[in-house]
Amino acid sequence: MRVPKTYVRHLLTATAVMLLVLAGAPAAWTQSEAPPTAAVATADRAVTHAENDRVPQGAAWTQHYFPSSDGSDVELHADVLLPEGLAAGEQVPVILSVGAYFGHSGQQALENHAHTGPSNRFNDLVEGTDLFNRGYALVMVDLRGFGGSTGCLDFMGPGEQADVQAAIAWAASQPWSTGAVGMYGKSYDAITGLVGNNLDQDALKAVVAQEPIWDLHRSVWSNGVPRSTIVDVSRTYNEIAILPPLPDDDERYRTNAAYEQVNPLCLPVNSLGYQDADPDSEFWQFRNLAERAKGTDTPLLFTQGFLEWKAEAEAVEEFLTNHQGSQRGWLGPWEHYRGNERTADGKLEMGREGWFDEVMSFYDQHLKGIEPTVDYPAYVVQDSTGTWRTQDTWPIVEYSATIPLGGGSYLDDGLPADPATESPNRFFVWSEPLGQPVRITSTPQVSLEIEGHGNVMVELYDVAPDGSAVAFNRQVAVVKPGTISFDLRSTDWTLRAGHALAVEIGTIQPSLAPDNDWIDTPSLERINVSDARLELALDDPANDTVIPGDRAPWLDIYRQAYAEQMSPGVPSFTLPTEDR
């Protein structure tokens with residue numbers, strides 16, 4: 001297989017980098033020999049924007065160190081931003097973010113800062129909400145192995161989860177804290193928000209999680225098939241972990257930041273864990289956040305892009321089912337964006353105004369006990385037509401169907417196929433053209449009776465009457481003789497009247513598309529498929545409660561990138577509609 005070779009190459013690279021550091025790699029590791037004078041905060045010395053321009057206006061910055069909660073010698077670092085001028089004895093609720101991106105020298109790479117200061121990762125939140133004038137603190141805690149914290153990173157394992165627990169408890173217990181904590185983040189520090197929910201801490205009153213990963217195993221393995229993330233993710237975070245501190249960081253910060261560099265097993269051990277293919281192993285079960293959410297009830301506001309690549313819509317429905325607390329969500333056809341993020345020409349990436357207004361109403365309600373003045377819907381959803389709607393929960397399944405797909409065969413050769421023709425390495429099953437629009441929602445599931453060993457890709461296409469098509473869902477698996485069932489990605493895609501659903505079953509074809517990054521090993525066997533079935537949850541768009549909102553710009557980019565011209569085949573099934 002190709003994975004071990006790639007893994008070894010990156011492992012050797014990481015080892016070489018560490019050896020350079022240990023050998024005293026020269027000046028490339030420092031950003032400035034003589035940084036301009038700027039005040040550096042301590043626990044007892046607060047610094048304002050006037051003293052250090054990296055501190056947001058209206059804030060007072062202090063730095064703190066405290067132990068993790070696992071009984072180890074791991075020491076965590078926190079940058080605290082309090083409202084400037086907060087009186088002695090006055091208390092405020094805390095917005096807490098725990099993650100890998102708060103290092104003083106840069107979030108994911110060196111950012112050429114002239115001097116040290118708190119990370120600007122969530123300055124958009126600070127400025128977009130007027131956070132400090134609203135009476136909140138912002139606390140940014142480095143997970144173990146990152147920034148000014150010691151310890152070995154472990155990809156949201158027992159150690160990092162202990163760090164989240166410690167951060168919540170510490171933030172709640174400070175003299176300037178009311179004891180009410182809300183977590184905020186996007187991507188990795190949104191995952192820590194899910195962890196916070198799962199830890200069931202009384203002090204945690206609300207979680208805002210933008211584009212998290214709900215089950216970490218599925219982000220690197222797809223039903224036995226490794227993704228490029230098996231090496232890319234570990235390499236990325238290993239590189240972040242060895243970002244150097246800045247020359248004017250305090251001695252304790254600089255000493256802690258060197259932890260990964262003087263403990264040469266940290267990075268290889270972190271990389272090794274990703275190689276475990278078994279989702280039921282202890283390693284991955286601890287990181288299955290959807291499963292571990294059972295019975296939890298922290299109020300949750302989240303976003304999920306159905307056309308995501310970095311944090312696919314996998315296990316989201318399972319998490320929401322297991323989570324028993326109040327839930328609010330923004331879902332739609334976008335990529336890895338924040339709720340407030342805009343394109344270069346000013347368009348909202350999600351297409352909807354009001355992210356920060358809703359976030360602060362959410363925090364005011366759960367951290368301050370202030371009843372909302374706006375009746376925000378529980379869920380706002382944009383489907384593949386670009387239309388926004390509201391609903392009380394997600395998904396809404398008005399009816400479901402088990403679609404018999406029959407069977408066929410394909411050669412598992414891992415080679416590209418001609419989009420316009422049937423090919424030896426894939427076959428299609430076609431629906432009758434629809435008489436009225438139908439939305440495919442929830443999490444489709446496929447079941448296949450297999451003869452042979454190899455891999456399979458199942459892909460769903462929306463095909464217009466003229467044969468123009470777009471692939472809107474795909475998943476892969478390792479197969480062997482017998483029956484295999486697996487989930488596709490969660491979706492919310494509307495097929496218009498006159499369109500057909502095409503189901504492709506075949507080899508894992510190479511593609512430049514970022515979400516087709518599987519590292520498969522073709523068996524070169526002919527795979528026979530019989531009794532294939534597709535489980536679909538369906539919804540009637542005619543029943544939508546439509547709300548204002550623009551089309552996510554990514555939707556049109558995606559439609560162009562995934563467009564194919566197809567020759568519709570002979571229909572073999574009818575996709576049912578509600579009035580069937």
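Structure: above.
Residues numbered from 1 in each chain as written. Predicted model: local features only at pLDDT ≥ 70, side-chain atom pairs only at ≥ 80, totals over all residues. Heavy atoms only, no water.

Draft legend 1. Focus on the packing of helix H5 (residues 229–241) against helix H8 (residues 266–273). Look at H5 against H8: their axes get within 9 Å of each other, and the N-to-C directions meet at 160°. The orientation of H5 relative to H8 falls into the category roughly antiparallel. Relative to H8, the crossing made by H5 is right-handed. Here Ser234, Asn238 and Ala241 of H5 lie close against H8, whose contacting residues are Leu267, Asn270 and Ser271. (Axes fitted to C-alpha atoms, helices over the stretch in contact; angles between N-to-C directions. Helix = DSSP H or I, 4+ residues; strand = E, 2+ residues; numbered from the N terminus. Parallel < 35°, antiparallel > 145°, perpendicular 65-115°, else oblique. Left-handed = near helix turned anticlockwise from the far one by under 90°. Contact = heavy atoms within 4.5 Å.)

Draft legend 2. Looking closely at the state of the cysteines. This model, assessed by the stated rule, comprises one disulfide. The disulfide bridge from cysteine 152 ends at cysteine 266, spanning 1.9 Å between sulfur atoms. An S-S torsion of about -55° defines the bridge between cysteine 152 and cysteine 266 as left-handed. Here cysteine 152, found in the loop between strand E5 (137–142) and helix H3 (158–173), pairs with cysteine 266, found in helix H8; they are 114 residues apart in sequence, far enough to count as distant. The exposure class of cysteine 152 is partly exposed, given its relative accessible area of 31%. (Disulfide = S-S within 2.5 Å. Buried < 20%, exposed > 50% of the residue type's maximum accessible area, 1.4 Å probe, protein only.)

Draft legend 3. Structural context of the side chain of aspartate 462. Counting through the fold element by element, aspartate 462 comes out in strand E17 (residues 454–463). Here aspartate 462 occupies a buried position and makes no salt bridge, while the nearest side chain of opposite charge, arginine 559, is found at 4.5 Å. At 2.7 Å, the side chain of aspartate 462 and the side chain of histidine 499 are in polar contact. Those residues in contact with aspartate 462 that lie beyond four places of it in its chain are Ser468, Ala469, Val470, Phe472, Trp493, Thr494, Leu495, His499 and Ala500. (Lys, Arg positive; Asp, Glu negative; His and termini not counted. Salt bridge = Lys/Arg side-chain N within 4 Å of Asp/Glu carboxyl O. Polar contact = N/O pair within 3.5 Å; in protein donor to acceptor, adjacent residues only side chain to side chain.)

Draft legend 4. A look at the sheet that holds strand E25 (residues 571–573). If you trace the six strands from one edge of the open sheet to the other, you get E24-E18-E17-E21-E15-E25, paired in mixed fashion. With one partner strand each, in any of the chains shown, strand E24 (563–565) and E25 form the two edges of the open sheet. Geometrically, the sheet is characterised by an average inter-axis angle of 40° between neighbouring strands, direction not taken into account. In the sheet, strand E15 (residues 426–431) pairs with E25 via two bridges, with the strands oriented parallel. Its bridge partner being in E25, tryptophan 430 is matched across the sheet by proline 571. Across the sheet, helix H12 (residues 553–561) lies against strand E18 (468–479) and E24, angled at about 75° from E18, the strand it touches most. (Pairing = 2+ DSSP bridges.)

Draft legend 5. Spotlight on the packing of aromatic side chains. The full count for this structure, using the stated rule, is 23 aromatic pairs. Ring centres of phenylalanine 66 and tryptophan 170 lie 4.8 Å apart, and the angle between their planes is 10°; this geometry places the pair in the stacked category. You can see phenylalanine 66 sitting in strand E2 (residues 59–67) and its partner tryptophan 170 sitting in helix H3, a full 104 residues away along the chain. In this pair, the class of phenylalanine 66 matches that of tryptophan 170, namely buried. Taking 4.8 Å as the distance between ring centres and 90° as the angle between the ring planes, the aromatic pair formed by phenylalanine 283 and tryptophan 284 counts as edge-to-face. For tryptophan 284, a relative accessible area of 0% corresponds to the buried category. Directly above the aromatic system of tryptophan 330 lies the positively charged group of arginine 352, at a separation of 4.8 Å from the ring centroid. (Phe/Tyr/Trp six-rings, centres within 6.5 Å; stacked < 30°, edge-to-face > 60°. Lys NZ or Arg CZ within 6 Å of the ring centre and 35° of its normal.)

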